[in-house]
Amino acid sequence: MAPVALGVLVSGRGSNLQSIIDAIESDRLDAHIAVVVSNKRDAFGLDRARSHGIKTVFLDPKSYKEQSNSREAYDRAVLDVLQVHGVELVILAGYMKIVTSVLIDAYEGRTMNIHPSLLPSFPGLAAQRQALDWGAKVSGCTVHFVTEGVDEGPIILQASVPILEDDTVETLSVRILEHEHRIYPEAIQLYAEGRLAIDGRRTRIVESVKREV
Ligand code: GAR
């Protein structure tokens, strides 16, 4: 099968984007990044992409503020960029903006997100803080398909991380991030191999099915 054309959406540091770039460059991931899009002008993820010769686009949410459905209008602009660049699979990588049905419907079953907890525990913002405050003994990370409910889509891969007695948000985040950098490229590779089949709430990892675009 042809390498998957990825469109990666970032808002900040972009370490997950970097793990995907590294996996592609070391032939662990059969994909290429067609474009990186950000809602933040100064997102370091954009610098990372540029330094690898990857096309980047910044779309300013403020430019869509005046429109009646500003979130949808913004996502239509994102969608245009993704489609112009021939993106097959959309990767949310630290994209701190809720995506609307405009994007989700156009890329149904073809949009992935990574979240720093074992979903369905601790969805939303500050997942590592939530896990510590709750007194959980185990947390981790989840790669899932994106649906309309925030952090609710079918789970693809998860990794668990023990919470240690003296953990802070920072130390726990670092240990979770190591696993994020491993399982996100793995999940994308499963997609690239046509091995992900969504079955209701479950994502089955199958022998191989033809990717349908
Ligand atoms: C990652 O920990 C990612 O799981 C999290 O933001 C961080 C982005 O880091 N995403 C969310 O919390 C989404 N709800 P990165 O920019 O270095 O990839």
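Everything below is about the structure shown above.
So, here's what we can say about the structure. (Residues numbered from 1 in each chain as written. Predicted model: local features only at pLDDT ≥ 70, side-chain atom pairs only at ≥ 80, totals over all residues. Heavy atoms only, no water.)

1. Quick look at the overall build of the chain
Thought 1: Of regular secondary structure, the chain possesses six helices and nine strands.
Thought 2: Scaling as 2.2 N^0.38, a compact globule of 213 residues should have a C-alpha radius of gyration of about 17 Å, and the chain matches this with 17 Å.
Thought 3: In terms of overall dimensions, the chain has a C-alpha envelope of 50 × 45 × 35 Å along the principal axes.
Thought 4: The proportion of buried residues among the 213 residues of the chain is 52%.
Thought 5: When contacts within the chain are restricted to residue pairs at least 6 apart in sequence, those whose partners lie at least 24 apart make up 62%.
Thought 6: For the chain, the accessible surface area stands at approximately 10600 Å², while carbon and sulfur atoms represent 51% of it.
Thought 7: Of the side-chain charges in the chain, 23 are positive and 29 negative, and the distance between the mean point of each set is 2 Å. (Helix = DSSP H or I, 4+ residues; strand = E, 2+ residues; numbered from the N terminus. Rg over C-alpha atoms; globule rule 2.2 N^0.38 Å. Buried < 20%, exposed > 50% of the residue type's maximum accessible area, 1.4 Å probe, protein only. Contact = heavy atoms within 4.5 Å. Areas by Shrake-Rupley, 256 points an atom, 1.4 Å probe, with all protein chains shown as cover. Lys, Arg positive; Asp, Glu negative; His and termini not counted. Charge placed at Lys NZ, Arg CZ, Asp CG, Glu CD.)

2. Describing unusual backbone geometry
For residues other than glycine, phi is negative in most cases, and the peptide bonds are mostly trans.
Thought 1: Looking along the chain, the bond that leaves leucine 119 and enters proline 120 is cis, with omega of 15°.
Thought 2: Position of proline 120 relative to the elements: it lies in the loop between β5 (111-115) and α5 (127-134).
Thought 3: Even without being glycine, alanine 126 reaches a positive phi, approximately 50°.
Thought 4: Relative to the helices and strands, alanine 126 is located in the loop between β5 and α5.
Thought 5: Taking relative accessible area as the criterion, alanine 126 reaches 46% and is therefore assigned partly exposed.

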